[in-house]
Amino acid sequence: GVAARVRNKEKAEVKITSCIENNVLKISVYDNGIGIDDETVQKLMNGSETETERIGFANVRKRLRYHYGDDLKVDIDSAENEYTNVIISIKNHKIS
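Residues numbered from 1 in each chain as written. Predicted model: local features only at pLDDT ≥ 70, side-chain atom pairs only at ≥ 80, totals over all residues. Heavy atoms only, no water.

### A closer look at the sheet that holds strand 3 (residues 72-79)
Reasoning step 1: The four strands are arranged 1-2-4-3 in an open sheet whose pairing can be described as antiparallel. The open sheet is flanked by strand 1 (14-21) and strand 3, the only strands paired with a single partner. For this sheet, the mean angle separating the axes of adjacent strands, direction not counted, is 15°.
Reasoning step 2: Strands in contact with helix 3 (residues 55-68) are strand 3 and strand 4 (83-90); relative to strand 3, the strand with the most contacts, it is inclined by about 155°. (Pairing = 2+ DSSP bridges. Helix = DSSP H or I, 4+ residues; strand = E, 2+ residues; numbered from the N terminus. Axes fitted to C-alpha atoms, helices over the stretch in contact; angles between N-to-C directions. Contact = heavy atoms within 4.5 Å.)

### A short note on the confidence of the model for the protein chain
Reasoning step 1: When pLDDT is averaged across the protein chain, the result is 83; 79% of the residues are at 70 or more.
Reasoning step 2: Within the protein chain, no element has a lower average pLDDT than helix 1 (residues 2-7), which sits at 58, and none a higher one than strand 4, at 95. (pLDDT = per-residue confidence, 0-100.)

### Structural notes on the nonpolar core
Reasoning step 1: By size, the foremost hydrophobic cluster in this structure holds 11 residues: Leu25, Ile36, Val41, Leu44, Phe57, Leu72, Val74, Ile76, Val86, Ile88 and Ile90.
Reasoning step 2: Looking at this core, the elements that each hand over two or more residues are helix 2 (38-46), strand 3 and strand 4.
Reasoning step 3: Aside from chain neighbours lying at most four places away, what touches Val86 is Ile27, Ser28, Val29, Phe57, Val74, Asp75 and Ile76. (Core = buried A, V, L, I, M, F, W, Y, C linked by side-chain atoms within 4.5 Å. Buried < 20%, exposed > 50% of the residue type's maximum accessible area, 1.4 Å probe, protein only.)

As structure tokens, then:
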């Protein structure tokens, strides 16, 4: 991903943003790395991706699902050779 851009001396970006809209906490993790092809995105979203380099995504999603249950939604927006944006949405989030 982003490491490939750094190796090629290109400007690498990782942006993490968050906001709360209508009691939904949205966290976005964006990078301008090599992106993810559509087939792999689908495998990641349905849990069938088994590549060891993508185990982190499955692990994080599993832990978030355990904690937030049905209030959790995870989306991936990606374009090969351009970017990846992972959006985590948690419903019914209230600021304490």
